[in-house]
Amino acid sequence: MIEKLRFRDPELAKRVAKKIHTVTPKEGTVKICHVCGTHEWTITHFGLRNLLPLNVEVIAGPGCPVCVTPASEIDEAVQLALKGVVVMCFGDVLRVSGSEMSLLDAKAKGADVRIVYGVSDAVKMAQKEPKKDFVFLAIGFETTAPSTAVEILNKPPNNFSFLVSHRVIPPAMKLLAEMEDLSLNGFIAPGHVSTIIGLEPYEVFPKVYGMPTVVAGFEPIDVLFGVYMILKQLRENKPRLENEYARVVSWEGNMKAQELMQKVFSVADGNWRGLGNIPSSKFMLNREYASYDAHLKHDVNVEHGIDIQHGCKCHLVIIGKIKPTECPLFMKACTPQKPVGACMVSIEGTCRIWAKAT
Amino acid sequence: MLIVMCLAIPAKVISLKEDKAQVDFGEGVLREVNVTLVNAKVGDYVLVHAGYAIQVVDAKEALETIKLWNEILQVEPEANI
Ligand code: SF4
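Treat the numbers as computed from the prediction; the structure is a model and nothing was measured.

Tell me about the overall build of chain A, residues and numbers included.
Per the secondary structure count, chain A includes 16 helices and 11 strands. What you see for chain A is a C-alpha radius of gyration of 21 Å, in line with the 21 Å of a compact globule of 358 residues. C-alpha atoms of chain A, sized along the principal axes, occupy 65 × 45 × 40 Å. Burial analysis of chain A (358 residues in total) assigns 58% to the buried set.

Dropping the structure here:
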């Protein structure tokens, strides 16, 4: 697309960066948080932090769904796989450690674990092999949850069920906004989650927490403009909600997707790896769809797992308290080839993204 | 193709049949995506995530955004540096 070329234009990027300098306060630090692995990828890959004034810090929040999936939910999938159920997952879930084992370890022990690109592929696989039992580990934020909802409403075959691990992002942002020692000044809201949920769920951030919030796209210029808009709001002392990504994000979001999600899921409190329990942050299957709930179907339920492996600092990395390079294990005991924590496994994990860039 | 969770990539709708569309990610290879969640027409660009189109890219808004950027870059004074 032509727009893409423009959205990556390095000359334009420099000009926006110059603009950013004009609205940055001369004193004090401004801390802006994004909550999407793809934003972190853009920022790191294009070296955007180098273009920003020294007192403007952009940190990565808990924007990697694979990273925040608690060990207990990986443990459930591992248990099912070892019991002989075919477990299907997204590619970057495979190596995430549970309390003792990852799905890849289970596979090495002979379990049937398969990677799929999306839930539709998983359903097709199950249809082809009606004699086997299949479970799809449904991980992802609001961007991914609608696809799970559609497949459930399309009535998958009897040999198919779900471990629903979907999480809802605004409650996690709220948690971050309330962490006093984090002292965030603004949010770059996640563009693709927002295509689904729209803008309204973020209104609370400027209104209640006085934090400028800008929904931004994923091209370098999008992110830079997002930063500019936040700084400008801070300068004017008028925190509000703005949309930089209007080409795919509307105020109301994707209403069809919201409607289907509401039919299939209800919201419950959920554990996030490294963050603990967050109120109203997890999707659960509604009772009418209980027959697709792998917990009930296969009688599996792990309450607690070991979320943070010894020495791993993922719990600090995912709230931007430390940079991956501040973890003693980074690129020493922990590498993309031999990851210790979930943040080094997923391509959306901050440690993994930084590992590629260093 | 990369298997990434949150990443969504724009693709052009080439043909439509019920809830499925053949789309082109610019590689010249057609791929099937589910279009239940969007009202897409042939020729539209859709944002695709994990095999599902999650939104139609609004070409008019895309141009508006670029226009807005240009305005910001040109009109507002670059004082203070
Ligand atoms: S570098 Fe590895 S051990 Fe350190 S925080 Fe990141 S994932 Fe955990």
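Give me the lowdown on the overall build of chain B, citing residues and values where you can.
Helices and strands together make up the secondary structure of chain B, namely one helix and five strands. If you list the helices and strands of chain B from N to C, you get β-β-β-β-β-α. When the 81 residues of chain B are sorted by exposure, 38% land in the buried category. By sequence separation, contacts in chain B at least 24 residues apart represent 28% of the contacts at least 6 residues apart.

Which residues make up the sheet that holds strand S1 (residues 30-34) of chain A, and what values do they have?
What holds strands together in a sheet is hydrogen bonding between their backbones, with the strands either parallel or antiparallel. Residues and elements named next belong to chain A. Taken in spatial order, the five strands line up as S2-S1-S7-S8-S9 in an open sheet, and their pairing is parallel. Edge positions in the sheet fall to strand S2 (56-60) and strand S9 (241-243), since each of these pairs with one other strand and no more. Direction aside, neighbouring strands of the sheet carry axes that sit 20° apart on average. Summarising the sheet, strand S8 (residues 213-216) and S9 pair through three bridges and their orientation is parallel. The residue bridging Val 215 from the neighbouring strand is Asn 243, located in S9. On the sheet, helix H12 (residues 220-236) packs against S1, S2, strand S7 (186-190), S8 and S9 and is oriented at approximately 165° with respect to S8.

Residue-level account of the domain arrangement of chain A, with values.
Residues and elements named next belong to chain A. Domain annotation for chain A reports domain 1 (2-65 + 169-243) and domain 2 (66-167 + 253-297). Of note, the centres of domain 1 and domain 2, computed from C-alpha atoms alone, are 30 Å apart. Taken together, the contact between domain 1 and domain 2 spans 14 residues of the former and 21 residues of the latter. Listing elements by their share of the side of domain 1 that touches domain 2, those giving two or more residues are helix H9 (169-178) and helix H10 (191-197). With six residues, H10 is the largest single contributor of residues to the side of domain 1 that touches domain 2. Considering only residue class, the side of domain 1 that touches domain 2 consists of 10 nonpolar, four polar and no charged.

So, the sheet that holds strand S4 (residues 113-115) of chain A: which residues are in play, and what are the values?
Residues and elements named next belong to chain A. If you trace the four strands from one edge of the open sheet to the other, you get S4-S3-S5-S6, paired in parallel fashion. Both edges of this open sheet fall to S4 and strand S6 (160-164), since each of them pairs with a single strand only. Strand-to-strand twist of the sheet, defined as the mean angle between neighbouring strand axes without regard to direction, takes the value 25°. Pairing of strand S3 (residues 86-89) with strand S5 (residues 134-138), which is carried by three bridges, proceeds in the parallel orientation. Bridged to Val 86 within S5 is Phe 134. Against the sheet, helix H5 (residues 71-82) touches S3, S4, S5 and S6, its axis set at about 140° to S3.

With reference to specific residues and values, describe the interface of chain A and chain B.
If you look at the interface, chain A gives 41 residues, while chain B gives 32 residues. Where the side of chain A that touches chain B is concerned, the elements lending two or more residues are helix H1 (2-7), helix H2 (10-23), helix H3 (37-45), helix H4 (65-68), helix H7 (119-128), helix H8 (145-153), H10 and helix H13 (255-264) of chain A. Residues of the side of chain A that touches chain B, tallied by class, amount to 17 nonpolar, 14 polar and 10 charged.

Report on unusual backbone geometry, specifying residues and quantitative values.
Residues and elements named next belong to chain A. Located in the positive-phi region is Lys 155, a residue other than glycine, with phi close to 55°. Along the polypeptide, Lys 155 turns up in the loop between H8 and S6. The class of Lys 155 is exposed, set by 12 C-beta atoms lying within 10 Å. Of note in the backbone geometry, Asn 237 takes a positive phi value of approximately 60° without being a glycine. Position of Asn 237 relative to the elements: it lies in the loop between H12 and S9.

Describe H7 of chain A, naming the residues involved and giving the relevant values.
Among the residues of H7 of chain A, those classed as buried are Val 119, Ser 120, Ala 122, Val 123 and Ala 126 of chain A. For H7 of chain A, the angular spread of the buried residues around the axis is 160°, confining them to a single face. Turned more than 90 degrees away from the buried face of H7 of chain A, the exposed residues are Lys 124 and Lys 128 of chain A. Elements that come into contact with the buried residues of H7 of chain A comprise S3, S5, H8 and S6 of chain A together with strand S3 (30-34) of chain B.

Provide a residue-level description of the packing of H2 of chain A against H12 of chain A, including the pertinent values.
All names here are of chain A. Two elements in contact, H2 and H12, have axes whose closest approach is 9 Å; the angle formed by their N-to-C orientations is 15°. Viewed along their axes, H2 and H12 adopt a mutual orientation that is roughly parallel. H2 and H12 meet at a crossing whose hand is left-handed. Residues Leu 12, Ala 13, Val 16, Ala 17, Lys 19, Ile 20 and Val 23 of H2 pack against Pro 220, Ile 221, Leu 224, Phe 225, Val 227, Tyr 228, Leu 231, Lys 232 and Arg 235 of H12.

Give a detailed account of H2 of chain A, specifying residues and quantitative values.
All names here are of chain A. Taking 1.5 Å per residue, 14 residues should reach 20 Å; H2 reaches 20 Å between its end C-alpha atoms and fits that length. For H2, the set of buried residues is Ala 13, Val 16, Lys 19, Ile 20 and Val 23. Down the axis, H2 shows its buried residues gathered within 120° of arc, on one side only. Those residues of H2 that are exposed and angled more than 90 degrees off the buried face are Pro 10, Glu 11 and Lys 14.

Conventions used here
Residues numbered from 1 in each chain as written. Chains lettered and ligands numbered in written order. Predicted model: local features only at pLDDT ≥ 70, side-chain atom pairs only at ≥ 80, totals over all residues. Helix = DSSP H or I, 4+ residues; strand = E, 2+ residues; numbered from the N terminus. Rg over C-alpha atoms; globule rule 2.2 N^0.38 Å. Buried ≥ 20, exposed ≤ 12 C-beta atoms within 10 Å, placed from the backbone. Contact = placed C-beta atoms within 7 Å. Pairing = 2+ DSSP bridges. Axes fitted to C-alpha atoms, helices over the stretch in contact; angles between N-to-C directions. Domains from an automatic or database assignment. Nonpolar A, V, L, I, M, F, W, Y, C, P; charged D, E, K, R; others polar. Arc of directions from axis to C-beta. Parallel < 35°, antiparallel > 145°, perpendicular 65-115°, else oblique. Left-handed = near helix turned anticlockwise from the far one by under 90°. Expected span 1.5 Å × (residues − 1).

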